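The primary structure of each chain is shown beneath.
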Amino acid sequence: NDTRLLALKNSLKDNPENFDMAIELAEYCYNNNVNSTIVSALIPLQSNYPFDDETKQSKYNRLLAFGYVRENRILEAESIINRGLKANDKEFDLWYALAFIRASMKDYSQSITAGNKYLEYQKADRSNDCAYTSSHKHRSNILNSMAIGYKETGQIDDAVSKFKEAIALDPQNHLPYLNLAALLAGQKNLEEAEKIVNDGLKNCSQVHELRMLLDGYRKKTTISACMIVKNEEDMLDECLASIRDWVDEIILVDTGSTDRTIEIAKSYGAKIFHQEWEGDFSKARNYSLEQASSDWIFIIDADERICSEDVPHIIRVINEAKHEFISINVINIYGENENQTTFLPSERFFKRELNLKYKGIVHNQLDVPKGLSALRTSIRLKHYGYGLAPEKMKKKLARSRELLEKQLSENPDNAFARFNLSQILRAGETGFAVENAPQIIENSTRAVELTDPKIQNQRHIHLMSLDQLAWTNFFIEEYDKAEEFCHSAINLKADYLDPLLLLGHIAMRQKEFSKALDLYEKYLQVQAAYDQGTELSNVILFHVDSRVSAYYSMALAYLSLNDQESSITNLRHTLSLNNTYLDAATRLGRICYEDGRIDEAEELFMRQVSKGEQSIEALLGLASICSQKDKVSESEEYLCSVLEIDARNTVALTKLVQIYRNSDRLNEAADILKKAIKGCSGGSQTDKLLGSVLYDLGKYEESRIALSRLVTINMADAEVFSDIGNCYFKLGEFETAEKYYQKSIESTPPFSTAYKNLGVCRIHLNRGKEAIWAFEKYLEVNLTEFELWQIIGEIYETLSDPSNAINSYEKYLTSQPESAPVLTRLAECYLVMGHADSAILGFKRAVEIDPGYSPAAKRLGSLSQETSRA
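The structure reproduced in this document is the subject of the present report.

About the criteria used
Residues numbered from 1 in each chain as written. Predicted model: local features only at pLDDT ≥ 70, side-chain atom pairs only at ≥ 80, totals over all residues. Heavy atoms only, no water. Axes fitted to C-alpha atoms, helices over the stretch in contact; angles between N-to-C directions. Helix = DSSP H or I, 4+ residues; strand = E, 2+ residues; numbered from the N terminus. Parallel < 35°, antiparallel > 145°, perpendicular 65-115°, else oblique. Left-handed = near helix turned anticlockwise from the far one by under 90°. Contact = heavy atoms within 4.5 Å. Nonpolar A, V, L, I, M, F, W, Y, C, P; charged D, E, K, R; others polar. Salt bridge = Lys/Arg side-chain N within 4 Å of Asp/Glu carboxyl O. Buried < 20%, exposed > 50% of the residue type's maximum accessible area, 1.4 Å probe, protein only. Pairing = 2+ DSSP bridges. Expected span 1.5 Å × (residues − 1). Polar contact = N/O pair within 3.5 Å; in protein donor to acceptor, adjacent residues only side chain to side chain.

Running from N to C, helix α19 (residues 437–450) and helix α20 (residues 456–475) cross one another at 150°; their axes reach a closest spacing of 8 Å. One finds that α19 runs roughly antiparallel with respect to α20. Every pair of crossing elements has a handedness; the one defined by α19 and α20 is left-handed. Along its contact with α19, which presents Ala437, Ile440, Ile441, Ser444, Thr445, Ala447, Val448 and Leu450, the element α20 presents Gln458, His462, Ser465, Leu466, Gln468, Leu469, Thr472 and Asn473. Among the residues making up the contact of α19 with α20, the classes are represented as eight nonpolar, eight polar and no charged.

Next comes the structure, spelled out in structure tokens:
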């Protein structure tokens, strides 16, 4: 195989655009899982796309899409798939790839839709020998993926049905056995789950995970889940659902609930005990331990859930009995899509016979005897307690702060309490609470002083307090101090991800972009190698997986270094990890738009809109794209959507007003502008736009009022002064108009059109000489407006200055030598000056140009008679 691959690569070196050879290499790599070569083999063909026949294009699209998928380059894959489906929406290979892309993005409904399309078109075209996904194994994989989607969206019956279909199609595929068994176990159907696992063991060659699952179902030891609650009706149901099938008893200590908490607990068969709340979490927690009767204790709170797929792992390690104490991974979940997490190890399982107790009135800790070490596992517990509604979160933090301050008043040298108080002080309503920085620094500094990183149960407090000091100094822009604290933490723990990421952010703030890139790369390398299940320090990691932040920041760094291609690559990495990352999608969309890749830009902007993310920049981008494609009504809709978010968005208002102007809907334009200005105490650029629209509507007084608002707040520029002058001019107030034109030309820079307007105004004020000065100043900048020389000539005539009039008319005639009226005016000036011969020549030329121009003909006839009489 290696020989064949090398031969194909060597053959393609001399002629990389050989279609048949490139396709053969890509097919070979696809079939033999040499994933990194597929795209590189096909990209050189891109310059010749589209190819000379549809079959070539179809094969190229499918292989390139598969190549991108295997390299996890999701956006590129999606773009190729959309291109292929646009040409032929029955290409089931492309629907196959799209189903897995959507599943990887957790867009399960779209994944199911794509899967159904695949099954429909594959069934209708089973004789397609050119397809890459026509085998029963592929159909089994799609059904398994669809089943996962049904499970995640709560359609359990459909999920079970699809898993079974997947098994029937390919009995050797171990994945649907694993997934179906886990689902059935979660539904309390352990007997059926065990049967499914046994079937898999008989039929599959990959049986290691199946054996692990079966071992987990054969439980021997017993488990008591112990919890304390108060008014947890919103959270308790899902918590208990995640544990009732595998724990032997649920011990619930209620500290004064007034909602449905007790009712819900009873429905799950919990043993309920009551204890009055005394402001001491450890007291309530220890009381729950006293009520337990099983071999093992499991500590869980109402806002937590055990991951169902980890249950067999729990049962296995409990039954092995090699350890008496087990540490698991607590994942703090934030955000609707669970795409923001923090992480910390936590000792949640221990043998009851150890008689362990908790200490601390808040953020209590298990008091573990020296010499007792925990087994670190990869078991996951999801914690939703930091993603509560703002009001609930505010109350929760206030309660914790009160208890911590009480604890510190009794024991000022409690380092853990100081660390936890700093954590609470960091939380502002919209981000870091800068105003609390002095208190945070005081408490974190003291926590560092009180702890020794060489002592195991103090090490994590010391490390996290150093990290607190680093981030706090970063937010208050003390970057040198922040960097110093980062290095202090990293020197103690080389894989400490939070300060590693922060070093990149510090370099970005200091505009050291090349340094920032190196630091982000270091974070990504450490993050890739980091194993949560082996973490021995009980540190809270806020950036256990902040690859999105790192890649996006790298994209910004590359932009600052004028490396657009690298920036695009990192924006694509960002979106492959989080396809709804608003800033990355809009920034990439803007780059694509500026590069003329309109369709790709439109897809990126649409992604935000389709996800319900109301991004002004994305909506404006879509409006511009629709305008380019002459989809005026759609452009208008997007602009209106922008104004629903920000009624005073100047860009949207300007573009929408232009649409209204072009469709003769000036009254509508005036209405939206008035709405934008309503309630605004000062003026704004919107007033300028409104003034322009009202002027076009002939509402000169209203226009003047709107524009004058800019003058009152010193926002008027030369153009605004000129526009106000125009309003006064239309209102017949020429002297006031003149004053504003004068202000316009005295501004820096002056508005050149104001010179012309000033000239016209002075004509109405019968001040011809001053009008001529204004027109000539205008013509110094606007050299091509020769019509003004005619006006200047006429003014000189009224001033009985034929010599200057002749000079002005001749300047006009340099651009319009065939103008009979101006030639006639020029001839009249010569006549006044006594140059009859020149006058006659001028009148003759005017008649030659326009024989029907009577003023010239009459004047010429009169002069001819006078000459003959003479």
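There is more to say, and it comes next.
With that out of the way, let us pick up the pattern of salt bridges. As enumerated under the stated definition, the model contains 52 salt bridges in all. Arg380 is the partner of Asp310 in a salt bridge, and the nearest nitrogen-oxygen pair spans 2.9 Å. A residue pair is termed long-range when its members are at least 10 positions apart, and Asp310 in the loop between β5 (304–306) and α16 (311–320) and Arg380 in strand β10 (residues 375–383) qualify at 70 residues. Here the residues in one salt-bridge network are Glu71, Arg73, Glu76, Arg572, Asp595, Arg597 and Glu600, joined through shared partners.

For strand β6 (residues 325–334), a buried count of nine out of ten residues is recorded, marking the element as mostly surrounded by other parts of the structure. In the sheet, β6 pairs with β10 via six bridges, with the strands oriented parallel. Bridge pairing links Asn329 to Arg380 in β10.

Turning our eyes to something else, we now look at the side chain of Gln423. Note on placement: Gln423 falls in helix α18 (residues 415–426). In this structure Gln423 touches Gln468 and Phe542, once residues within four positions along its chain are discounted.

Next up on the list: helix α4 (residues 54–70). Given a rise of 1.5 Å per residue, 17 residues ought to cover 24 Å, and the 24 Å separating the end C-alpha atoms of α4 matches this to within 8%. Within α4, burial applies to Gln57, Ser58, Tyr60, Asn61, Arg62, Leu63, Leu64, Ala65, Phe66, Gly67 and Tyr68. For α4, the side-chain oxygen to backbone nitrogen distance between the N-cap and Thr55 is 3.0 Å, and the N-cap itself is Asp53. After α4 finishes, the residue Asn72 shows a positive phi value of roughly 60°.

Contact pair helix α34 (residues 718–730) / helix α35 (residues 734–746): the axes reach a minimum separation of 8 Å and the direction vectors enclose 170°. If you check the angle between α34 and α35, you find them roughly antiparallel. The segment α34 lies against α35, with Ala718, Phe721, Ser722, Ile724, Gly725, Asn726, Tyr728 and Phe729 engaging Phe734, Thr736, Ala737, Tyr740, Tyr741, Lys743 and Ser744. When the residues that make up the contact of α34 with α35 are grouped by side-chain class, the tally is nine nonpolar, five polar and one charged.

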